[in-house]
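Now for the letters of each chain:
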Amino acid sequence: MPTLVIAGSQWGDEGKGKIVHFLGNRADVVVRYQGGPNAGHTIILGDKPFVLHTLPSGIVLPGKICVISNGVVIDPEILRSEVCALNIPVKNRLLISESAHIILPYHRQMDERRERSKIRLGTTLRGIGPAYADKVVRIGVRVVDFLSPATFRKLLDINVREKKAWGQKRDILKKYQQWRRFLYPFAADTVLFLNRAIARGKKIIFESAQGTLLDLDFGTYPYVTSSNPVSGGVCTGAGVPPTAIDYILGVMKAYTTRVGDGPFPTEIRGSLAAQLREAGMEYGATTGRPRRCGWIDIVSIKHSIMVNGFNSLALTKLDCLQGIHPLKICVAYVHKGKRITRFPASREVISECKPVYIELPGFNKPLCITRGRSIMPRNANLYVKTLEKLLGIKISLLSSGRTREETFVLDKRVLNFGKYPA
Ligand code: IMP
């Protein structure tokens with residue numbers, strides 16, 4: 001120990017990559033525990049943006065060991081391109097779980113086919129759902145199976161027959177050796193590695209992709225991803241017991257965004273949404289799609305706090321609200337005339353919910369976050385304090401801008417992953 005989980009409290013794109021980058025210097029190991037190349041974590045190094053899809057954000061920090069654990073689904077072609085494009089040495093510091101599942105071209109094809117049908121969800125078309133489905137029905141190809149040519153051929157035959165994707169077999173086999181050679185040096189028993197690292201007192205960050213409201217079990221089903229981004233996902237996604245988790249940090253954007261289809265009670269339409277989208281550069285890092293923008297939603301974030309057990313929150317992108325008057329915060333929903341404060345499971349109910357807002361005055365001056373909360377515009381401070389009060393949880397990190405330098409620590413415990421003194 002100590003170990004820190006960093007998870008998203010909304011529909012993803014909360015700025016987790018930047019927070020992992022900020023705290024990553026204090027860690028020995030950074031782990032991605034779920035999801036796949038549907039994620040897009042943007043990190044600014046110098047003045048250069050890097051978009052990471054499968055690699056943990058810690059990969060840009062020299063000397064840090066990075067783990068892609070068993071809960072992740074890996075597209076070997078995308079991962080290979082990502083490692084090449086990054087141009088940073090990863091030898092001896094990237095470990096890939098032997099039990100992680102492989103995404104193959106037929107998964108992407110199935111994803112695309114489904115998206116063209118009546119059950120469209122607005123996925124990233126990266127084959128994520130079909131790859132996790134194969135894992136669950138037990139015909140998936142794990143890294144360890146992929147590395148054994150005989151086992152892989154057998155599994156490939158079963159899969160192309162089952163999926164009626166015979167046409168893809170030749171193309172997959174053509175690329176197979178190249179993918180295998182690439183993955184081979186990184187494959188490891190990451191469960192053993194992580195549990196030994198914990199026993200030796202190494203500092204570990206578990207980094208989630210997506211967010212709680214996209215969680216397969218706790219999100220707005222069926223408009224969710226196919227994995228568990230919640231903090232509990234670390235246990236099954238990395239093979240680490242719940243007793244080994246010390247601190248759970250939730251990342252929360254000062255407003256809300258969502259990509260893809262599905263209910264979004266606080267969605268803003270028109271010019272204000274466009275203003276927020278431009279201020280926050282709210283375009284999907286993986287697909288380039290414009291993100292839907294809305295006001296912050298206390299009902300859904302309270303649900304996230306409950307299921308994740310966050311110890312504190314990192315508030316990101318407060319600067320993007322500069323110049324917006326008034327600022328609205330959704331404190332409840334109204335459904336068929338009844339006020340509700342519980343996040344509804346029913347897809348009909350949530351899509352019919354109307355938000356109840358409180359309004360706060362906006363701020364015009366820039367935040368200057370690095371110089372502390374006391375010199376922040378008064379109304380920005382009021383917004384932060386109001387969120388803490390409504391959510392009943394401390395905001396330990398304030399972040400504005402894109403670089404990790406623009407981060408202010410309000411509670412030093414988070415720097416030492418919950419252990420005092422920092
Ligand atoms: P999938 O994960 O590609 O199957 O997509 C399912 C839903 O999750 C879609 O609404 C996607 O837009 C959304 N999604 C997946 N990954 C991310 C992400 O990293 N950020 C935001 N939304 C995501």
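Residues numbered from 1 in each chain as written. Predicted model: local features only at pLDDT ≥ 70, side-chain atom pairs only at ≥ 80, totals over all residues. Heavy atoms only, no water.

Draft legend 1. View of the pattern of salt bridges. Within this structure, the stated rule accounts for 15 salt bridges. Across the pair Arg 120 and Asp 261 runs a salt bridge whose closest N-O atoms are separated by 2.9 Å. Here Asp 261 lies in the loop between β12 (256-258) and α10 (271-279) and Arg 120 lies in the loop between α3 (105-115) and α4 (128-137), a separation of 141 residues in the sequence. Given the relative accessible area of 41%, Arg 120 is considered partly exposed. Accessibility expressed as a relative area gives 24% for Asp 261, which makes it partly exposed. Residues Lys 317 and Glu 282 are paired through a salt bridge, measuring 2.9 Å at the closest nitrogen-oxygen approach. Here Lys 317, found in the loop between β15 (312-316) and β16 (327-335), pairs with Glu 282, found in the loop between α10 and β13 (292-294); they are 35 residues apart in sequence, far enough to count as distant. Like Lys 317, the residue Glu 282 is buried in the burial classification. In the salt-bridge network here, residues are joined through shared partners; they are Asp 13, Lys 253, Glu 282, Arg 291 and Lys 317. (Salt bridge = Lys/Arg side-chain N within 4 Å of Asp/Glu carboxyl O. Helix = DSSP H or I, 4+ residues; strand = E, 2+ residues; numbered from the N terminus. Buried < 20%, exposed > 50% of the residue type's maximum accessible area, 1.4 Å probe, protein only.)

Draft legend 2. How the structure looks around the nonpolar core. Among the nonpolar cores identified, the biggest contains 54 residues, and Phe 206, Leu 318, Leu 321 and Tyr 383 are the most heavily contacted of them. Excluding residues that lie within four positions of it along the chain, Leu 321 makes contacts with Ala 254, Tyr 255, Leu 276, Leu 327, Phe 363 and Tyr 383. Core analysis: the second largest hydrophobic core is formed by 53 residues, Ile 19, Val 20, Leu 104 and Leu 397 among them. (Core = buried A, V, L, I, M, F, W, Y, C linked by side-chain atoms within 4.5 Å. Contact = heavy atoms within 4.5 Å.)

Draft legend 3. Molecular detail of the packing of aromatic side chains. Using the criterion set out here, one finds 5 aromatic pairs in the structure. Seen from their ring centres, Trp 11 and Phe 264 are 5.2 Å apart, and the 55 degrees between their planes marks the pair as tilted. Taken together, the positions of Trp 11 in the loop between β1 (3-8) and α1 (16-24) and Phe 264 in the loop between β12 and α10 put the pair 253 residues apart, joining distant regions of the chain. Under the relative-accessibility criterion, Phe 264 is labelled buried at 7%. Measuring from centroid to centroid gives 4.9 Å for Phe 146 and Phe 152, while their planes differ by 75 degrees, and the two rings are edge-to-face. Through successive ring pairs, a cluster of aromatic residues spans Phe 146, Phe 152 and Tyr 176. One residue, Lys 203, lies across the ring of Phe 417, its end atom 5.0 Å from the ring centre. (Phe/Tyr/Trp six-rings, centres within 6.5 Å; stacked < 30°, edge-to-face > 60°. Lys NZ or Arg CZ within 6 Å of the ring centre and 35° of its normal.)

Draft legend 4. Spatial organisation of α4. What α4 keeps buried is the set Ile 128, Pro 130, Ala 131, Tyr 132 and Asp 134. Those residues of α4 hidden inside the fold are in contact with β6 (73-74), α3 and α6 (149-162). Within two residues after α4, Arg 138 carries a phi angle of roughly 70 degrees, on the positive side.

Draft legend 5. A look at the sheet that holds strand β11 (residues 247-253). Pairing is mixed in the open sheet, where 10 strands are placed in the order β9-β7-β5-β2-β10-β1-β11-β15-β19-β20. Taken across any chain shown, the strands that pair with only one partner, and hence form the sheet edges, are β9 (187-188) and β20 (407-409). The pairing of β15 with strand β19 (residues 395-399) spans 4 bridges and is classified as parallel. Its bridge partner being in β19, Leu 315 is matched across the sheet by Leu 398. Strand contacts of helix α8 (residues 190-199): β1, β2 (29-32), β5 (65-68), β7 (94-97), β9 and β10 (204-207), with the helix running at about 135 degrees to β5, the strand carrying the most contacts. (Pairing = 2+ DSSP bridges. Axes fitted to C-alpha atoms, helices over the stretch in contact; angles between N-to-C directions.)

By themselves, these figures tell us nothing about what the structure is for.
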